[in-house]
Amino acid sequence: MTVGPPIHELHFDEAPHVETSIPGPNSRTLLRKQEEIDSSAVAYPKDVPIALEEGRGSTLKDADGNVFLDFFAGIGVMNVGHSNPYVLEAVNEQTNKLVHTIDFPTEARLEFIEALDGIAPDGLQGQNRMVFGGPTGSDAIEGSIKLARHNTGRHGMLAFEGSYHGGTAGALSLTAGKAYKEGYEPLLNDVVHTPYPYPFRERLDNGGATAICPREDCCGQMSCARALEAVKEKFDGPYGGHETPGAIWVEPIQGEGGVVVPPKGFLKGLRDIADDNDAMLIADEIQSGFGRTGEWWACEDYGVTPDAMTMAKGIGGAGLPLGGMMYHEKYDTWDAGGHIGTFRGNIPAMRGGTAAIEYIQSHDLLDHATEVGEYMRARFRDVDNPRIGEVRGKGLFIGVEFVDADGTPDASAVKKIRTECYENGVLVWKAGREGNVLRLLPPLVTTKEQAEIGMDVITDAIRTVTKQTV
Ligand SMILES: Cc1ncc(COP(=O)(O)O)c(C=O)c1O
């Protein structure tokens, strides 16, 4: 039995539908008012100048009635679409009954924990514990730092260049982006960052060829072998420079770093290094998880079970804030109150999360994400433009890296393409160490027809912008 309406009924009928110049007059008024009273840290509307009114499925209406195809989904949050009626019904029913429960047991909480167990990676299913701390992804990462320190007794932490793990002090220590950190250090000490395999960059540096790794039992890519060697050095090298790490934090696919998909052997290699050194492997699935890649969790595609997995973004179903961590039960060593937070019982969000899992399962949205994502990547490849260095991703986690004629990252092309796109009714975002990756995170409920229409707009935008600058 399917639950909720079919995906093609979730959206505004006509999308995209742009009636005014962007921003339209009502958006202008609200943007001006925001500038007067809101913080100078406000960021998104500075790049995409619209004020929002209503969302349905993969579509968003602005304050002037313009309707956009939303291909970044509140930065990877709205996996089952805006205002999904099946999910909202569950959330509203709960909201009318009881909202705040700290961590007292409720049916909503326990059902959600069981639903997450039902979609857990093999090696965690039936043998995990969930912990909820604060409502964000950064909170989940803070919890994972405490979990690792508590269980391994070691303070050293290893994360990767190009990573993003959040903006609170511990999470920011693991995050690699200097722009986020400068002016706030010292943060946590004993964090080391080693290179994340970046096959495209390595190919460029290697005159276009993929360097081959001689290890027969791995994936054959040198970028993987080099990255694993650097990690090993931090564990084994007597002059590694830091305390031996107690845990490794890895995004199975780097999101903010540019939708970088590592070679097949990377996660498996990390698993082996962690095992050899009594360290924990922590997969940050905050952006890559909850169905985004066409698997429930991106680490599944690598056949690797992490010791702990952080999650947030889409897990609240309706866009309600909820962060959490699933870890193997052998690490369940905290005493009562060992990890805390007032808002660790957002049960409307938990109801939303359970309903979202049901909706995704009943509409086969993992397979759908795989199919639509492949279609979108193929459309990018068909553009056949030398400015597109690489098209990559998995499922509906899509990145397109732009470079100029000599392979230098081209952030300005991405900015211009984003502008062309929103002016024509499609919202896209960026990523990448140099901001030169066009990033798409469409809701999993995006229909094939919407993908076709959206890709017409985006590929036209690419042609227009690159014609100006080639
Ligand atoms: C991989 C990853 N980890 C952690 C975070 C931090 O999550 P939040 O912004 O909810 O604190 C993000 C946010 O984009 C992320 O992409």
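One can find the structure itself at the top, above this paragraph.
What this report covers is the structure whose coordinates are included nearby. These numbers come from a predicted model, not from an experiment.

**Things to note about empty space enclosed by the protein**
Regions of empty space are outlined by a rolling probe, equal in size to a water molecule, passed over the atoms. For the coordinates displayed, the defined rule picks out three cavities of 30 Å³ or more. Of the pockets and cavities examined, the largest cavity occupies roughly 50 Å³. Residue lining of the largest cavity: 14 residues in total, with Ile286, Gly289, Phe290, Ala312 and Gly314 positioned closest to the centre. Its residues assigned to classes, the lining of the largest cavity shows six nonpolar, five polar and three charged. For the second largest cavity, the calculated volume is near 40 Å³. Taken together, Val131, Gly133, Gly134, Asp139, Ala140, Gly143, Gly323, Gly324, Met325 and His339 form the lining of the second largest cavity. At the level of secondary structure, the elements contributing two or more residues to the lining of the second largest cavity comprise helix 6 (137–152) and strand 10 (324–328). Examining the composition of the lining of the second largest cavity, we find that three residues originate from one element, helix 6, more than from any other.

**Thoughts on the sheet that holds strand 12 (residues 397–402)**
On the basis of which strands lie adjacent, the open sheet formed by four strands has the order 11-12-15-14 and antiparallel pairing. Of all strands in the sheet, those bounded by a partner on one side alone are strand 11 (388–394) and strand 14 (429–431). Sheet twist, expressed as the mean angle between neighbouring strand axes with direction ignored, is 25°. On the sheet, helix 13 (residues 365–382) packs against strand 11, strand 12 and strand 15 (437–440) and is oriented at approximately 175° with respect to strand 11.

**A look at the layout of surface pockets**
When its volume is computed, the largest pocket comes out at roughly 1,300 Å³. The wall of the largest pocket is formed by 50 residues, among which Tyr164, Gly166, Tyr180, Glu256 and Arg439 lie closest to the centre. Going through the elements one at a time, helix 2 (44–47), helix 3 (73–76), helix 6, helix 8 (178–181) and strand 14 are the ones with two or more residues in the lining of the largest pocket. A per-class count over the lining of the largest pocket returns 18 nonpolar, 19 polar and 13 charged. Among the domains, domain 1 (7–77 + 365–469) and domain 2 (86–362) are the pair contributing at least three residues each to the lining of the largest pocket. Considering only enclosed or pocket space, the second largest pocket measures out at about 370 Å³ in volume.

**Things to note about the pairing of strand 2 (residues 59–62)**
Examined bridge by bridge, strand 1 (residues 52–56) and strand 2 share four bridges and lie antiparallel to one another. Bridge assignment links Gly55 to a residue of strand 2, and that residue is Leu60. What sits between the antiparallel neighbours strand 1 and strand 2 is a turn of two residues, in which Gly57 has the positive phi angle 55°. Sheet analysis places strand 2 next to strand 3 (residues 67–70), joined by three bridges and oriented antiparallel. When the sheet's bridge partners are listed, Thr59 is paired in strand 3 with Leu69.

The rules behind these values
Residues numbered from 1 in each chain as written. Predicted model: local features only at pLDDT ≥ 70, side-chain atom pairs only at ≥ 80, totals over all residues. Heavy atoms only, no water. 1 Å grid on protein atoms, 1.4 Å probe; cavity = no way out; pocket = protein on both sides within 12 Å on 5 of 7 lines; lining within 4 Å. Points joined across faces, edges and corners; volume = space filled by probe spheres on them. Nonpolar A, V, L, I, M, F, W, Y, C, P; charged D, E, K, R; others polar. Helix = DSSP H or I, 4+ residues; strand = E, 2+ residues; numbered from the N terminus. Pairing = 2+ DSSP bridges. Axes fitted to C-alpha atoms, helices over the stretch in contact; angles between N-to-C directions. Contact = heavy atoms within 4.5 Å. Domains from an automatic or database assignment.

That is the geometry; function is a separate question.
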